[in-house]
Amino acid sequence: RAGKVDFMKVLLISANTVTTPHPVYPLGLDYVMSALTPRHEVRILDMNVAGAQDRLEDSLRVDRPDVIGISIRNIDNEDTLDTKSFIPGYEALARFIRARTQAPIVLGGSGFSIFPREFMSLLDADFGVVGEGEAMSLLLAALEERTDPAVLPGIVTRGGSVGRPVPWTGTVARRTASGEAGLRFYLDRGGIMNLQTKRGCPFRCFYCSFPLIEGRKFRFFPPEEVARQARELEELGARFLFITDSVFNADEDHSLAVADAFRRERLGIPWGAFLAPRRPADGYYRALADAGMTHAEFGTESLCNAQLRRYQKPFQAGEVFAAHASARGAGIHIAHYFLLGGPGEDAQTLEETLAGMEALGKAVFFLFCGVRIFPQTPLYQLSLEEGQIAPDQDLLTPVFYRSKGIAKEEIRERVKRQARGRMNWIYGDGSAQTERAVARMYARGHSGPLWELLLR
């Protein structure tokens, strides 16, 4: 269009099609949509929903969007046992769009923020948003004014440089597309919807890419607003809420304030969160349980203090046991995630973790053998120094750190012997059998994560 543009049709696409162990609602696009409306006409298309390809073709042909945003959530499943890359699906989607429109393609999402330059080239994109997606509003404003988007914080252009994401300082709000078919897709498959209470993570875990996505500085959402959103999701039909913060209890006071707001709002559905197993304040998990928390997922990674120090975790093994006992005493279902085979892992450190798992008692254990190497992390630098990766190596193709002290095959065999066929010891996201069982349970009307059923 010639001259200044005051209004744009924007199509936002959730490219994620992973549904194991359960489908994840594209929360980020709710925030992006809120940042763009009402100034622009915004539609969301979820590729998880049946018939999405046909609706995409119709939208490109009939609606003719001026800008197309593609959200890239995951790169692969980060599982050495059954590694699955999602890149081919993204490439096919981008080719499909390019063949039908000349509208600029804008990439965003957590996966893109880790590999912005690679995705820009691979998907032949025009622009990208590194970090928080609300910055897309700045990009559209620049396109309206015919100014150079390359100077904007968080915006990537063809051939342009890529800096660290700049925390979004504008208005943050969520607008749920309640009338969209995508919402029904998630409500019919476990009823799990997601919620965010803050952004940013101050921890410095050795392998983690999260600071590349949201930064290290906290930005808190008002607890009353979080509770209002929770109530709205309940009224829309959600039967379980999962809090998507990197670590819900990274700021204990704020998490308690959110729980208190849930109680005042009289939230009627259960909820869960991902937490660091640090030693809690007295009554902490009881307060969360009284506010409706039923599921706690701990990023434990190891029960060997030497390994926890190498991973730069903000806790020691003794704190894990204290957090576990407190949550269990409050009646909360517990899962622990473990990363085996990282730097320094050997037969002795592995044995210490496995013995600790037995001592933990009633819990579900998700075990991952091997640690995915992501750029701009301490693990990446160590892998370069050890010659496990080359400076110019393509890391979009999954690469896992290999411990010098123990082979991954030995880890697998040792874990298999220890598990002795117990259902609550799960490799990665679980087997195809587990996936089918979860789907059957959802079809029968069950809701929530369902991993707690493995403890029976």
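Before any of the text, the structure's been laid out above.
Conventions we followed
- Residues numbered from 1 in each chain as written.
- Predicted model: local features only at pLDDT ≥ 70, side-chain atom pairs only at ≥ 80, totals over all residues.
- Heavy atoms only, no water.
- Helix = DSSP H or I, 4+ residues; strand = E, 2+ residues; numbered from the N terminus.
- Rg over C-alpha atoms; globule rule 2.2 N^0.38 Å.
- Buried < 20%, exposed > 50% of the residue type's maximum accessible area, 1.4 Å probe, protein only.
- Areas by Shrake-Rupley, 256 points an atom, 1.4 Å probe, with all protein chains shown as cover.
- Lys, Arg positive; Asp, Glu negative; His and termini not counted.
- Charge placed at Lys NZ, Arg CZ, Asp CG, Glu CD.
- Phe/Tyr/Trp six-rings, centres within 6.5 Å; stacked < 30°, edge-to-face > 60°.
- Pairing = 2+ DSSP bridges.
- Axes fitted to C-alpha atoms, helices over the stretch in contact; angles between N-to-C directions.
- Parallel < 35°, antiparallel > 145°, perpendicular 65-115°, else oblique.
- Left-handed = near helix turned anticlockwise from the far one by under 90°.
- Contact = heavy atoms within 4.5 Å.
- Nonpolar A, V, L, I, M, F, W, Y, C, P; charged D, E, K, R; others polar.
- Salt bridge = Lys/Arg side-chain N within 4 Å of Asp/Glu carboxyl O.
- Core = buried A, V, L, I, M, F, W, Y, C linked by side-chain atoms within 4.5 Å.

> Before we go on, may I ask you to explain the overall build of the protein chain in this structure?
For the protein chain, the count of helices and strands is 17 helices and 17 strands. Its C-alpha atoms give the protein chain a radius of gyration of 22 Å, within 12% of the compact-globule value 23 Å for 456 residues. The dimensions of the protein chain, computed from C-alpha atoms along their principal axes, are 70 × 55 × 40 Å. Considering the protein chain as a whole, with its 456 residues, one finds that 55% of them fall into the buried category. Just so you have it, the protein chain exposes about 19,600 Å², and 50% of that area is on carbon and sulfur atoms. Taken as two groups, the 55 positive and 56 negative side-chain charges of the protein chain have centres that lie 2 Å from each other.

> Please explain the packing of aromatic side chains as it appears in this structure.
Aromatic ring pairs are defined here through the distance separating the ring centres and the angle between the ring planes. A full pass over the atoms with the stated rule returns 15 aromatic pairs. Their ring planes at 80° and their centres at 5.0 Å tell us that F185 and Y186 sit as a pair that is edge-to-face. In this pair, the class of F185 matches that of Y186, namely buried. Note on Y284 and Y285: the rings are 4.9 Å apart at their centroids and 85° apart in plane angle, and the pair reads as edge-to-face.

> How should I be thinking about unusual backbone geometry in this particular structure?
Of all residues except glycine, most have a negative phi; of all peptide bonds, most are trans. Residue P21 follows T20 across a cis peptide bond; omega there is 0°. T37 connects to P38 through a cis peptide bond whose omega is 0°. Residue placement: P38 occurs in the loop between α1 (27–36) and β2 (41–46). We note that D124 has phi near 55°; this positive angle belongs to a residue other than glycine. Secondary-structure assignment places D124 in the loop between α5 (116–122) and β5 (127–129). In this model, E301 sits at a positive phi of 70°, which is unusual for a non-glycine residue. Looking at the element boundaries, E301 is found in strand β12 (residues 293–301).

> Even after reading the chapter, I still don't get the sheet that holds strand β3 (residues 67–71), so can you show me in this structure?
Neighbouring strands of a sheet are bound in pairs by backbone hydrogen bonds; such pairs are parallel or else antiparallel. Within the open sheet, the six strands sit side by side as β2-β1-β3-β4-β5-β6. Their pairing is mixed. The open sheet terminates on both sides in strands that have one partner only, identified here as β2 and β6 (155–157). Taking the axes of each pair of neighbouring strands and ignoring which way they run, one obtains an average angle of 20° across the sheet. Pairing of strand β1 (residues 9–14) with β2 involves six bridges; the strand directions are parallel. Within β2, the position partnered with K9 by the bridge is E41.

> Would you mind showing me how to read the packing of helix α9 (residues 223–236) against helix α10 (residues 252–265) here?
Angle between the axes and distance between the axes are the two parameters that describe a pair of packed helices. For the pair α9 and α10, interaxial distance at closest approach is 8 Å and the crossing angle is 50°. Comparing their axes, α10 and α9 come out oblique. In this structure, α9 meets α10 at a crossing whose hand is right-handed. Taking contact as the criterion, the partners of P223, E224, V226, A227, A230 and R231 in α9 are, on α10, H254, A257, V258, A261, F262, R264 and E265. Of the residues contributing to the contact of α9 with α10, the split by class is eight nonpolar, one polar and four charged.

> Where do I start with the pattern of salt bridges in this structure?
Should their charged atoms come close, side chains of opposite charge can pair. Evaluated as defined, the whole model comprises 27 salt bridges. Across the salt bridge formed by E132 and R219, the nearest N and O atoms sit 2.6 Å from each other. Here E132, found in the loop between β5 and α6 (136–145), pairs with R219, found in strand β9 (residues 219–220); they are 87 residues apart in sequence, far enough to count as distant. On the basis of relative accessible area, R219 is assigned to the buried category, the value being 17%. Residues R286 and D290 are paired through a salt bridge, measuring 3.9 Å at the closest nitrogen-oxygen approach. With a gap of four residues between them, R286 and D290 both fall in helix α11 (residues 284–290), about one helical turn apart.

> Is there a simple way to explain the nonpolar core in this structure?
When a protein is soluble and globular, its nonpolar side chains tend to lie buried together. Grouped together as the largest cluster of nonpolar side chains are 123 residues, with contacts concentrated most on L107, F119, L241, F262, W271 and Y285. Not counting chain neighbours up to four residues away, the residues in contact with W271 comprise F240, L241, I243, F248, F262, L288, A291, G292, M293, T294 and H295. Counting 21 residues, the second largest nonpolar core, distinct from the first, contains M8, V32, A135 and I155.

> How do you make sense of the sheet that holds β12 when you look at a structure like this?
The strand order across the open sheet formed by seven strands is β7-β10-β11-β12-β13-β14-β17, and the pairing between neighbours is parallel. Only two strands of the sheet have a single neighbouring strand rather than two, namely β7 (192–195) and β17 (425–427). Between one strand and the next, the sheet's axes are offset by a mean angle of 20°, whatever the strand orientation. Across three bridges, strand β14 (residues 364–369) lies against β17 in parallel orientation. Note that in β17 the partner of F365 across the bridge is W425.

> What is the right way to read the environment of E224 from this model?
Tracing the backbone shows E224 in helix α9. The exposure class of E224 is partly exposed, given its relative accessible area of 48%. Spatially, the C-alpha atom of E224 lies 28 Å from that of L212, the residues being 12 residues apart in sequence. Those residues in contact with E224 that lie beyond four places of it in its chain are A261 and R264.

> Please explain the environment of G318 as it appears in this structure.
Its place among the elements puts G318 in helix α13 (residues 317–329). Here G318 falls in the partly exposed class, since its relative accessible area comes to 40%.

> I keep staring at the packing of α1 against α6 and nothing clicks. Help me out?
Interaxial distance between α1 and α6 falls to 9 Å at its minimum, and their mutual angle equals 40°. The orientation of α1 relative to α6 falls into the category oblique. Between α1 and α6 lies a crossing of right-handed hand. Residues V32, A35 and L36 of α1 form the contact with α6, whose participating residues are M136, S137 and L140. Class assignment of the residues belonging to the contact of α1 with α6 gives a composition of five nonpolar, one polar and no charged.

Distances and angles like these do not, on their own, reveal function.
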